[in-house]
Amino acid sequence: MRIPFIAGNWKMFKTKAEAKAFAEEFAALYQGTDVRTAICAPFTDLELLVELFRGTGIGVGAQNVHFAEEGAYTGEVSVKMLEEIGVDYCIVGHSERRQYFAETDETVNLKLKKLLEGPIRPIMCVGESLEQRDAGVLFDFVKGQLEGGLADIAPEDIKKIVIAYEPIWAIGTGRTATPEQAEEMCAFIRATLIDMFGEEVADEVIIQYGGSVKPANATDIMNQDEIDGALVGGASLKAPDFMQIIDF
Ligand code: 13P
């Protein structure tokens, strides 16, 4: 039985003061739900959010991490640093990081392995561009991302990874994938996980859809069999919108 998991990805939005205002507004609206939920925030907001959400059941996630234990990597943050703060999740391989910060399947793989040594659950993003969809290579491309990103990871550890299918053409564009398009790829991802790690493992993996999820389309997306959650960008910045999505 997979528990639905809906996470917000704030990207590079919200100062600490803005994060505090969100948390207070959200806590006032939040009555608890059957779904698991988390906010993935900028590094500078994480410690505050862990404190403010303590005891509420709302998780906190980072949006990136380095794969080394520690070292001369100016500007980077380690898994140990996130663990010390009490972060629950960490996004890995978001398409914006792949596009602007040279994230590759190899670095995704290294980051996943490092995170899996400890308690933080990775949220691994995959998804094709519009050109790849139009050229009909979307399934091959996502399969390659899964094979590269998940290489040499033990099946027991695979269960701890959340996979987020985020078609690049649907991110921040207002152009959501149809529920059928999202379901088709999420089903393909599950089938690929079955091939790679067996049915028992693949059955437990939470697969999210991300890309222009908003209150108006959350129900249709969440009602799909193979979609277990959502990774929400823009609509997670407003507490009432994110609340409505969680209450889908
Ligand atoms: P939007 O919901 O703003 O399209 O962003 C999706 C996303 O990239 C979540 O990680």
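Position numbers for residues count from 1 along each chain, tracking the sequence in the order it is written. The predicted origin of the model limits local features to residues at a pLDDT of at least 70 and limits the giving and counting of side-chain atom pairs to 80 or more, whereas totals for whole chains, interfaces and linings rest on all residues. Side-chain measures here rest on the full set of heavy atoms in the structure, leaving out hydrogens and waters.

Caption draft 1: Representation of the overall build of the protein within the structure. Comment: elements are numbered from the N terminus, with helices defined as DSSP H or I runs of at least four residues and strands as E runs of at least two. Counting secondary structure elements, the protein contains 12 helices and 8 strands. Projected onto the principal axes, the alpha-carbon positions of the protein cover approximately 45 × 45 × 35 Å. Throughout, exposure labels follow a simple rule: accessible area from a 1.4 Å probe, protein chains only, divided by the maximum for the residue type, with under 20% read as buried, over 50% as exposed, and the rest as partly exposed. A burial count over the protein gives 52% of its 248 residues as buried. A fraction of 72% describes how many contacts in the protein between residues 6 or more apart in sequence connect residues 24 or more apart. Working definition of accessibility: Shrake-Rupley area with a 1.4 Å probe, residue cover restricted to the visible protein chains. Surface summary for the protein: the accessible area is close to 11200 Å², and the carbon and sulfur share equals 52%. Counting rule applied: Lys, Arg positive; Asp, Glu negative; His and chain ends not counted. For this purpose, a charge sits on NZ of Lys, CZ of Arg, CG of Asp or CD of Glu. On the protein, the mean spot of the 22 positive side-chain charges and the mean spot of the 41 negative ones are 4 Å from each other. The contact rule is simple, with two residues in contact once any of their heavy atoms fall within 4.5 Å.

Caption draft 2: Just the packing of helix H1 (residues 16-29) against helix H12 (residues 239-246), in detail. Between H1 and H12, the least distance of the axes is 9 Å, while the angle of their chain directions is 40°. Taken together, H1 and H12 sit at an angle that is classed as oblique. In the packing of H1 onto H12, the handedness of the crossing is right-handed. Between H1 and H12, the contacting residues are Phe22, Glu25, Phe26 and Leu29 on the first element and Ala239, Pro240, Phe242, Met243 and Ile246 on the second. Looking at the contact of H1 with H12, its residues break down into 8 nonpolar, no polar and 1 charged. The convention used is that axes are lines fitted to C-alpha atoms, helices contributing only their stretch in contact, and that angles between N-to-C directions extend from 0 to 180 degrees. Orientation labels follow simple angle bins: below 35 degrees gives roughly parallel, above 145 gives roughly antiparallel, 65 to 115 gives roughly perpendicular, and whatever is left gives oblique. Helix crossings are classified by the rotation of the near helix relative to the far one: an anticlockwise turn of less than a right angle makes the crossing left-handed, while a clockwise turn makes it right-handed. Residue type decides the class: Asp, Glu, Lys and Arg count as charged, Ala, Val, Leu, Ile, Met, Phe, Trp, Tyr, Cys and Pro as nonpolar, and the leftover types, Gly among them, as polar.

Caption draft 3: Region of the structure containing the environment of Arg121. Mapped onto the secondary structure, Arg121 falls in strand E5 (residues 121-126). Sequence separation of Arg121 and Asp88 is 33 residues, and the distance between their C-alpha atoms is 6.3 Å. Contacts of Arg121, omitting those with residues within four sequence positions, involve Arg36, Asp88, Tyr89, Cys90, Lys159, Lys160, Val162 and Ile206. Here a polar contact is taken to be a pair of N or O atoms separated by no more than 3.5 Å, where protein atoms must pair a possible hydrogen donor with a possible acceptor and residues adjacent in sequence count only if both atoms sit in side chains. At 2.9 Å, the side chain of Arg121 forms a polar contact with the backbone oxygen of Lys160.

Caption draft 4: Just the confidence of the model for the protein, in detail. Each residue gets a pLDDT score, which is the predictor's confidence in that residue and runs from 0 to 100. Predicted confidence across the protein gives a mean pLDDT of 97, with 100% of residues reaching 70 or more. Mean pLDDT values over the elements of the protein span from 94, in helix H6 (residues 130-134), up to 99, in strand E4 (residues 89-92).

Caption draft 5: Summary view of the side chain of Lys159. When you line up the elements, Lys159 lands in the loop between helix H8 (155-158) and strand E6 (162-165). A relative accessible area of 14% means that Lys159 is categorised as buried. In terms of polar contacts, Lys159 uses its side chain to reach the side chain of Glu200, at 2.9 Å. Other than its neighbours up to four places away in sequence, Lys159 contacts Arg121, Glu200, Val201, Glu204 and Val205.

Caption draft 6: Region of the structure containing the sheet that holds strand E2 (residues 36-40). Spatially, the 8 strands close up into a barrel ordered E1-E2-E3-E4-E5-E6-E7-E8, and their pairing is parallel. Neighbour to neighbour, the strand axes of the sheet diverge by 25° on average, direction disregarded. Only strands joined by at least two bridges in the DSSP assignment are considered to pair. As paired strands, E5 and E6 are joined by 4 bridges and run parallel to one another. Note that in E6 the partner of Ile123 across the bridge is Val162.

Caption draft 7: Looking closely at the pattern of salt bridges. Any carboxyl oxygen of Asp or Glu that lies within 4 Å of a side-chain nitrogen of Lys or Arg is treated as forming a salt bridge with it. All told, the structure shown has 19 salt bridges when counted by the stated rule. We note a salt bridge from Lys159 to Glu200, for which the minimum N-O separation is 2.9 Å. Taken together, the residues span a long stretch of sequence, with Lys159 in the loop between H8 and E6 and Glu200 in helix H10 (residues 199-204) at a distance of 41 residues. Here Asp228 and Arg190 are joined by a salt bridge, their closest N and O atoms 2.8 Å apart. Linking Asp228 in the loop between helix H11 (215-222) and strand E8 (229-232) with Arg190 in helix H9 (residues 179-197), this pair joins segments that are 38 residues apart in sequence. Arg190 shares its class with Asp228; the two are buried. Bridged by salt links that share partners, the residues Glu69, Glu70, Lys80, Lys114 and Glu117 form one connected network.

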